[in-house]
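Architecture and fold: a report
If you want the building blocks of each chain, they are given just below.
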Amino acid sequence: MDFWFSEQHTNDVKLSIRVDKQLYSAHSDFQRIDVFDSPEFGRFLVLDGYMMLTQKDEFIYHEMIVHPAMAVHPRVRNALVIGGGDGGAVRELCRYDDIEHIDLVEIDKQVVEVSREFFPEITCSLDDPRVKIHYRDGLRYVRGCKDEYDLIIVDSTDPFGPGEGLFTREFYGNCYKALKEDGIMINQHESPFYREDALACQRAHKRIVESFPISKVYQAHIPTYPSGHWLFGFASKKYHPLRDLDEKRWNARGLQCKYYTTMLHKGAFYIPAYVEELLKNVEQAD
Ligand code: SAM
């Protein structure tokens, strides 16, 4: 008997993945958490019916939410990850020896516990002595921060449910305040392809543009996300993602990535004409 996981991408489009087994299913205080095992993508994590990560393609998202900022900012010592309870963004940050401290603010402790059980290769750095996990709402957490972080990574779910507050003007304004004078904020910025996602992307971008002097988007191909064309926001107080990219310094680190390179970095910020159009009336010229 065939068993498939299907995620609704629009009212008329679904992504279906053949599943061998369901490994976990429960309701936390915040969301439904499911883990499946599949022949094509290995194990994958689903929250409230939405694909979060798969063993096969998580490297793309986690490399791309971390390394572009690290190749631009000259001295990230103190980082904040909001969301990201699967540990993937923290794993990529911990590859940098000169990062001194990482706060991970994840609202749902059960996501961390389930990720530790089923995705140890992704949560592998959560016990790094530099990492401190706070089980709190990121929206509330940043209200109390000022001039603290060199880098903030917003690795949230989509703009509804517990993640809704992480797409607001208030949140982005507080992230600006929480960053040092040359800080960078990276966020998962949804997708430009399907109408609902594009509207969410446009709304988020407008709010970020209103909070940061430099605000660009870059892209990656993530097979298991709606349309596969996924965007990230690069919001910066000082450094430009292309003009201040230091290829030599980043490549000298000798970090081997499966997706990110400093050449790809440059390409990622050259987005399709229709995406330029979608964002142009909310993006300040740099
Ligand atoms: N890569 C995924 C994506 O793009 O959808 C996100 C992965 S990560 C699992 C998303 C995490 O954000 C979840 O663990 C969720 O519990 C957490 N989250 C959602 N809203 C939050 C909030 N307000 N504060 C902190 N964490 C939150």
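Residues numbered from 1 in each chain as written. Predicted model: local features only at pLDDT ≥ 70, side-chain atom pairs only at ≥ 80, totals over all residues. Heavy atoms only, no water.

**Examining the packing of aromatic side chains**
For any pair of aromatic rings, the description rests on two quantities: the centre-to-centre distance and the angle between the ring planes. With the rule as written, the count across this model stands at 15 aromatic pairs. Seen from their ring centres, tyrosine 61 and phenylalanine 232 are 5.4 Å apart, and the 50° between their planes marks the pair as tilted. Residue tyrosine 61 is found in helix α1 (residues 58-64), and its partner phenylalanine 232 is found in strand β13 (residues 229-236); the two are separated by 171 residues along the sequence. Judged by relative accessible area, which is 5%, tyrosine 61 ranks as buried. Measuring from centroid to centroid gives 4.8 Å for tyrosine 218 and phenylalanine 269, while their planes differ by 35°, and the two rings are tilted. Taken together, the positions of tyrosine 218 in strand β12 (residues 214-221) and phenylalanine 269 in the loop between α10 (262-268) and α11 (273-280) put the pair 51 residues apart, joining distant regions of the chain. We note that tyrosine 218, like phenylalanine 269, is buried. Here the aromatic residues Tyr61, Tyr218, Tyr225, Trp230, Phe232, Phe234 and Phe269 are joined through ring pairs into a cluster of three or more. (Phe/Tyr/Trp six-rings, centres within 6.5 Å; stacked < 30°, edge-to-face > 60°. Helix = DSSP H or I, 4+ residues; strand = E, 2+ residues; numbered from the N terminus. Buried < 20%, exposed > 50% of the residue type's maximum accessible area, 1.4 Å probe, protein only.)

**What to know about the pattern of salt bridges**
Taken as a whole, this structure holds 19 salt bridges when the rule is applied. In this structure, the salt-bridge partner of arginine 77 is glutamate 100, at a minimum N-O distance of 3.9 Å. One end of the pair, arginine 77, is in the loop between α2 (67-70) and β7 (78-83); the other, glutamate 100, is in the loop between α3 (88-93) and β8 (101-105), with 23 residues separating them in the sequence. Looking at glutamate 100, the relative accessible area reads 56%, which means it is exposed. Salt-bridge contacts for arginine 143 lead to glutamate 170; the nearest nitrogen and oxygen are separated by 2.6 Å. Residue arginine 143 is located in helix α6 (residues 138-143), and its partner glutamate 170 is located in helix α7 (residues 169-178); the two are separated by 27 residues in the primary sequence. When salt bridges that share partners are traced, they join Glu58, Arg91, Glu92 and Arg95 into one network. (Salt bridge = Lys/Arg side-chain N within 4 Å of Asp/Glu carboxyl O.)

**Quick word on helix α4 (residues 109-118)**
An α-helical segment advances 3.6 residues per turn. Residues three or four places apart therefore align on the same side. The set of residues buried in α4 consists of Val111, Val112, Val114, Ser115 and Phe118. Taken together, the buried residues of α4 touch β3 (21-27), β4 (32-38), β5 (42-47) and α5 (120-123). Taking the backbone nitrogen of glutamine 110 as reference, a side-chain oxygen 3.0 Å away marks aspartate 108 as the first, capping residue of α4. (Contact = heavy atoms within 4.5 Å. Polar contact = N/O pair within 3.5 Å; in protein donor to acceptor, adjacent residues only side chain to side chain.)

**Observations concerning the sheet that holds β4**
The sheet built from 4 strands is open, its strands ordered β3-β4-β5-β6 with antiparallel pairing. Sheet topology places β3 and β6 (50-54) at the edges, where each strand pairs with a single neighbour. Strand-to-strand twist in this sheet, taken as the mean axis angle between neighbours without regard to direction, amounts to 20°. Pairing geometry for β4 and β5, over 6 bridges, is antiparallel. Across the sheet, the residue bridging to phenylalanine 36 is phenylalanine 44, located in β5. On the sheet, α4 packs against β3, β4 and β5 and is oriented at approximately 165° with respect to β3. (Pairing = 2+ DSSP bridges. Axes fitted to C-alpha atoms, helices over the stretch in contact; angles between N-to-C directions.)

**Some words on the pairing of strand β11 (residues 179-188)**
Moving residue by residue along a regular strand, the side chains alternate between the two faces of the sheet. Among the 10 residues in β11, 8 count as buried, and that is most of the element. As judged from the 5 bridges shared by strand β10 (residues 149-155) and β11, these two strands associate in the parallel manner. Bridge pairing in β11 places isoleucine 152 opposite methionine 185. Chirality of the crossover, the property in question, places the unit of β10, α7 and β11 among those that are right-handed. Sheet topology note: the β11/β13 ladder contains 5 bridges and is antiparallel. Looking at β13, one finds that asparagine 187 is bridged to glycine 233. (Right-handed = clockwise from strand over helix to strand, strands pointing away.)

**Focus: the domain arrangement of the protein chain**
Along its sequence, the protein chain is carved into domain 1 (4-54) and domain 2 (58-279). Using C-alpha coordinates to define each centre, domain 1 is positioned 23 Å away from domain 2. Taken together, the 25 residues of domain 1 in the interface contact 23 residues of domain 2. For the pair domain 1 and domain 2, the summed buried area comes to about 2100 Å², and 70% of that belongs to carbon and sulfur atoms. The three residues of domain 1 that bury the most area against domain 2 are His9, Phe30 and Leu53, which together make up 26% of that side's buried surface. Where domain 1 packs against domain 2, one counts 0 salt bridges. Taken together, domain 1 and domain 2 are joined by 6 residue pairs in polar contact (both at pLDDT 80 or more). No other element matches β6, which puts 5 residues into the side of domain 1 that touches domain 2. (Domains from an automatic or database assignment. Buried area = accessible area lost by both parts, 1.4 Å probe.)

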